[in-house]
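What follows is each chain in one-letter form.
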Amino acid sequence: ELKHLLFFTFCLIYTITIIGNLLIFMVTLHPSLCMPMYFFLRVLSFLDISTASIVVPKMLVNFLSEDRSISYMGCAAQLYSVIFLGATEWYLLAAMAYDRYVAICNPLRYAIIMNSRVCLSLVLLSCCSGNVVSLVQTAWVFTLPFCGPRKINYFFCDIPPLIMLSCTDISSYEKQIIIATVLVIFTPFCLILVSYACIISSILKISSAEGRHKTFSTCSSHLIVVTLYCGSGTLIYLRPKASYSQDTKKFMPLTYTAIIPMLNPLIYSLRNKDVKEVLIRMMAELM
């Protein structure tokens, strides 16, 4: 009975996500925004567009269609893609934290340390790490024996609803999900914490309050995104099953596949003075 309302809601969210991330992608191509931070931001926008495009369009079709089926290979491809993009984005956030660490704690050598080769290597390393995680997790899930009703009580193919369809005892597999989540989320998160501990230490040494505020404002957007990703991932994969309902479990993964990709452009554009200036300039030229 809510399918039409959900359709228009997520259609609006998807539209804002695509437009917002495309704007960020184009704005960061401007010659005045050639710093590594904006290169990483451009990659982040591409990952956000890809994540939303893998989940939301199929979900919108399902809201209005009687046939909500997905093929076995289609489900496997969707699961692989969601895990790959999510893990890659999380590793990319760790790379962005390292970039902020070098910019604030070692500003005189920033251009030498964070050269284009290093930036590209960090992005490729994030993609390779995401690919390994995704291949292992997807292969592991689809080697399980499935039986009974092949109905996924979810908006898309994800690990928790798929292993529930298995004929075997899944308690050991649930433990493996927790271990994988800790490795994928908390290992980069620890690197981010170390980076920001050094950053905060450097900020506190700045004598002027204005200088401290300006320096910290360059990191605040990244911190907000990290908090959103870490919070959503923890709630989805590490929270006890009995602590929330089935409907809640279905909606929670939409935070990192639909909501966060929509919020990222707003967070980075509204809180970044340089991005706003270039965006206003580009719009003025078009008009």
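As recorded in an unreviewed UniProt entry, the protein goes by the name Olfactory receptor, listed as coming from Stercorarius parasiticus. Here is the UniProt Subcellular location (unreviewed entry) comment for the protein, exactly as written: "Cell membrane". The UniProt entry for the protein carries this comment under Sequence similarities (unreviewed entry): "Belongs to the G-protein coupled receptor 1 family."

Visitor: Just to check I follow, could you spell out the environment of Leu-204 for this structure?
Guide: With respect to the helices and strands, the residue Leu-204 is situated in helix 7 (residues 171–204). The exposure class of Leu-204 is exposed, given its relative accessible area of 63%. Taking the C-alpha atoms as reference points, Leu-204 and Phe-216, separated by 12 residues in sequence, lie 10.0 Å from one another.

Visitor: How do you make sense of the side chain of Ser-134 when you look at a structure like this?
Guide: Within the secondary structure, Ser-134 is located in helix 5 (residues 116–141). A polar atom in the side chain of Ser-134 sits 2.5 Å from the backbone oxygen of Tyr-80. When residues no more than four places from it in sequence are discounted, the contact partners of Ser-134 are Tyr-80, Ile-83 and Phe-84.

Visitor: How should the layout of surface pockets be read in this particular structure?
Guide: Any space left empty among the atoms is revealed by the rolling of a water-sized probe across them. The volume enclosed by the largest pocket comes to roughly 850 Å³. Along its surface, the largest pocket is lined by 30 residues, and Asn-62, Arg-68, Ile-152, Tyr-154 and Phe-155 are the ones closest to its centre. Put simply, the parts of the chain that give the lining of the largest pocket at least two residues each are helix 1 (3–27), helix 2 (36–64), helix 3 (72–105) and helix 9 (246–251). A total of 4 residues in the lining of the largest pocket trace back to one element, the largest contributor, which is helix 2. Class assignment of the residues belonging to the lining of the largest pocket gives a composition of 18 nonpolar, 5 polar and 7 charged.

Visitor: Just checking my understanding: could you explain the side chain of Asp-99 for this structure?
Guide: With respect to the element layout, Asp-99 can be found in helix 3. Among residues more than four places away in sequence, those in contact with Asp-99 are Pro-36, Met-37, Phe-40, Tyr-110 and Met-114.

Visitor: Would you mind showing me how to read the nonpolar core here?
Guide: The biggest cluster of nonpolar side chains holds 61 residues, and the ones touching the most others in it are Phe-10, Phe-40, Phe-63, Leu-92, Leu-93, Met-114 and Phe-156. Residues Cys-75, Ala-76, Trp-140 and Leu-144 belong to the second largest nonpolar core, which totals 21 residues.

Visitor: In this structure, what is going on with the packing of helix 3 against helix 5? I would like to understand it.
Guide: Packed helix pairs are specified by the crossing angle of their axes together with the interaxial distance, meaning the distance between the axes. The interhelical angle for the contact between helix 3 and helix 5, taken along N-to-C directions, is 145°, at an axis separation of 7 Å. The crossing of helix 3 and helix 5 is right-handed. Split into classes, the residues belonging to the contact of helix 3 with helix 5 amount to 16 nonpolar, 8 polar and no charged.

Visitor: Sorry, what's going on with helix 5 here?
Guide: An α-helical turn contains 3.6 residues, so any two residues separated by three or four positions project in the same direction. Across its 26 residues, helix 5 extends 37 Å between first and last C-alpha, which sits within 8% of the 38 Å expected from 1.5 Å per residue. One side-chain oxygen of the residue at the start of helix 5 lies 3.1 Å from the amide nitrogen of Arg-117, identifying that residue as Asn-115.

About the cut-offs
- Residues numbered from 1 in each chain as written.
- Predicted model: local features only at pLDDT ≥ 70, side-chain atom pairs only at ≥ 80, totals over all residues.
- Heavy atoms only, no water.
- UniProt positions renumbered as here; feature names shortened; annotations may be inferred.
- Helix = DSSP H or I, 4+ residues; strand = E, 2+ residues; numbered from the N terminus.
- Buried < 20%, exposed > 50% of the residue type's maximum accessible area, 1.4 Å probe, protein only.
- Polar contact = N/O pair within 3.5 Å; in protein donor to acceptor, adjacent residues only side chain to side chain.
- Contact = heavy atoms within 4.5 Å.
- 1 Å grid on protein atoms, 1.4 Å probe; cavity = no way out; pocket = protein on both sides within 12 Å on 5 of 7 lines; lining within 4 Å.
- Points joined across faces, edges and corners; volume = space filled by probe spheres on them.
- Nonpolar A, V, L, I, M, F, W, Y, C, P; charged D, E, K, R; others polar.
- Core = buried A, V, L, I, M, F, W, Y, C linked by side-chain atoms within 4.5 Å.
- Axes fitted to C-alpha atoms, helices over the stretch in contact; angles between N-to-C directions.
- Left-handed = near helix turned anticlockwise from the far one by under 90°.
- Expected span 1.5 Å × (residues − 1).

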